[in-house]
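Summary of structural features
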Amino acid sequence: MKTMKGYLPHLAVTGLAIAVAGCATTASYQPTWEADKEYKVTILHTNDHHGRFWQNRNGEYGMAARKTLIDNIREEVALNGGASLLLSGGDINTGVPESDLQDAEPDFRGMKLLQYDAMALGNHEFDNSRNVLMKQREWAGFPFLSANILVKETGEPLFDAYKIFDINNLKIAVMGFTTDDTVKIGNPEYLEDLSILPPAEVAKTLVPELEKKADLIVAATHMGHYKDGNYGGNAPGDVTLARTVPGIDVIVGGHSQNPLFEPDVQSGTLILQAHEWGKYVGRLDLVIKNGEITSSEYRLIPVNLKKKVKDAEGNSVRVFIEDEIEQDPEMLDLLTPFQAKGQKELSVEIGFSNDDFIGERGVVRKQETNLGNLIALAMKEKVNADIGVMNSGGIRDNLPKGIVTYKSVLQVQPFGNTVSYVDLTAAELTDYLSVVGGKQAGSGAFGQFSGVAFTQVGDKATNIVVNGAPLDTSKTYRVAINNYVATGGDGYPKVTDHPNYVNSGYVDADVMVEYIQNNYPLDGAKYAPTGAVKR
Ligand SMILES: [Zn+2]
């Protein structure tokens, strides 16, 4: 396959003085590659790491195995006369308590040891204060890129817009872009001084500028890959960027967390994404001749992923889907103390409860409980919603009276679901509550609510009152739910296609921890069942 940049080497640009926005003049670009020589460039990439520095309990993924894999590829590429670049599509932060509790220090230090060349800033890089983000950049030691996140006061990028790598006399520009949804889903407190511009607007001026400085133009993005550009309620993603802005050779993406087993080629741009959590490393091998990509090969390489099979006795066992990758000892030396420290911190007191909060299966699936109310309220407050709805099947244990730790919260909410929300009209809300209110007592679908009272008559929610006021047909209402029920889990209405659906990406247990930290000691009376939903 061949992608065309419409770029003419040598003569075409020689002797022209080209004015670039922000600069008075700039020297014209003189390519340094040799005519008719084949240059081999390998782009390796991951995205949406989300705190997974350590392998999971089944021995899948993890940065130690990732290092062995990447070291081996780099060596092979170099032996073949090529050069490699290692990029990340961002969202290193948020998702695993052992990482979150340490501001993702193990993750960024691990990336440094892996020698990442650059990463796009993801929306979750703004879950923490600017101080933490600055510390993280120091731990990482490689550029954080985003061309469309500007400091309001100066109009300059918060970090860098792009970086040009000189590899074997070939210049490769890597720009960063971050979803403009960051303003919607990030912590407003940490975004106040920033403006986030639509990536395509910025790329329209940046790409022509970089075409005068580099042979290959790569975008490391955190914008999402949406099939055929159908981005629904999200901000436009990589497909839209490729279709609107000519001249980008490769987009190394993230955010939607889907595996692209083949590049999605849009208007000559190769769009890549390597699922999530370091489950795969993406490998793109390019041959570039006379300033053009003349061939490309792509593969997602699994990092110790496993599948379940039946053994001889008919028991279900997990086996590697490809050859096992050994864990790199140097990486293990770096990460082991962090893992130990993280686990220890799970047992540290985060708050205190004056009463037992009830989440045991036999009760929470049949009736409103104080724990159901607390969780629905915590979700609701986190995303500024009017109503919180929680499926009781997602509540797995009691939160006993006494000291509360991260671990005890994880016992209650172990699934790592994320808090989402959708803005519904009064009519849509009525339909939504009618479905959820009708869920059978005793089933995991049985709902726990915050901010709403109604009477369920058959399959219809009636007399709906939201935070004390009767339903107003001229208003829209924000409903907080987890991403599991948002996708239709437990038979809830599927809302992920709704134009006003947003997945905040905040992990449910983290949201509950934060709520407890801000509201302890927890008094049962504040969350006591009120019979708000009459069935
Ligand atoms: Zn993201």
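Before any of the text, the structure's been laid out above.
Residues numbered from 1 in each chain as written. Predicted model: local features only at pLDDT ≥ 70, side-chain atom pairs only at ≥ 80, totals over all residues. Heavy atoms only, no water.

This part covers the packing of aromatic side chains. Tallied over the entire structure, the rule returns ten aromatic pairs. Seen from their ring centres, Phe-142 and Phe-144 are 5.9 Å apart, and the 55° between their planes marks the pair as tilted. Of the residues examined, Phe-142 reaches a relative accessible area of 5% and is grouped as buried. Note on Phe-144: relative accessible area 1%, which makes it buried. Judged by centre distance (5.6 Å) and plane angle (75°), the ring pair of Phe-144 and Phe-159 falls under edge-to-face. Taken as a pair, Phe-144 in strand β4 (residues 144-145) and Phe-159 in the loop between β5 (149-151) and β6 (162-167) lie far apart in primary sequence, 15 residues in all. (Phe/Tyr/Trp six-rings, centres within 6.5 Å; stacked < 30°, edge-to-face > 60°. Buried < 20%, exposed > 50% of the residue type's maximum accessible area, 1.4 Å probe, protein only. Helix = DSSP H or I, 4+ residues; strand = E, 2+ residues; numbered from the N terminus.)

This next bit is on the side chain of Asn-391. With respect to the secondary-structure elements, Asn-391 resides in strand β18 (residues 387-391). Overall, the relative accessible area of 3% leaves Asn-391 in the buried class. Beyond its immediate stretch of four places on either side in the chain, Asn-391 contacts Gly-444, Ala-445, Phe-446, Asn-482, Tyr-484, Val-485, Asp-490 and Tyr-492. (Contact = heavy atoms within 4.5 Å.)

For the zinc ion, the protein coordination sphere consists of Asp-91 (OD), Asn-123 (OD1), His-222 (NE2) and His-255 (ND1), at 2.1 to 2.2 Å. Classification of the site at the zinc ion as irregular follows from its four donor atoms and the range of 83 to 168° in their angles at the metal. (Donors = N, O, S within 2.8 Å, 3.2 Å for Na, K, Ca; no water. Tetrahedral: all angles 85-135°; square planar, octahedral: opposite > 155°, others 65-115°.)

With that settled, consider the pattern of salt bridges. Inspection of every chain in the model, using the stated rule, returns 16 salt bridges. For Glu-201, the salt bridge identified is with Lys-204, shortest N-O distance 3.8 Å. One end of the pair is Glu-201 and the other is Lys-204, both in helix α6 (residues 199-211) and three residues apart, which spans about a single turn. Its relative accessible area of 48% is what places Glu-201 among the partly exposed residues. The class for Lys-204 is partly exposed, based on a relative accessible area of 42%. With a closest N to O distance of 3.3 Å, Arg-299 and Glu-322 form a salt bridge. Of this pair, Arg-299 sits in strand β14 (residues 292-302) while Glu-322 sits in the loop between β16 (316-320) and α8 (329-345), and the two are 23 residues apart along the sequence. (Salt bridge = Lys/Arg side-chain N within 4 Å of Asp/Glu carboxyl O.)

Let us now look at the sheet that holds strand β25 (residues 476-482). The five strands lie next to each other as β21-β18-β25-β20-β26, forming an open sheet whose pairing is mixed. Every other strand in the sheet has two partners, leaving β21 (447-450) and β26 (501-507) as the edge strands with one partner each. Neighbouring strand axes in the sheet, compared pairwise and without regard to direction, differ in orientation by 25° on average. Across seven bridges, the pairing between strand β20 (residues 418-425) and β25 is antiparallel. Bridged to Thr-425 within β25 is Thr-476. On the sheet, helix α12 (residues 426-437) packs against β18, β20, β21 and β25 and is oriented at approximately 125° with respect to β20. Its contacts with the sheet place helix α14 (residues 508-519) against β20 and β26, and it is angled at close to 70° to β26. (Pairing = 2+ DSSP bridges. Axes fitted to C-alpha atoms, helices over the stretch in contact; angles between N-to-C directions.)

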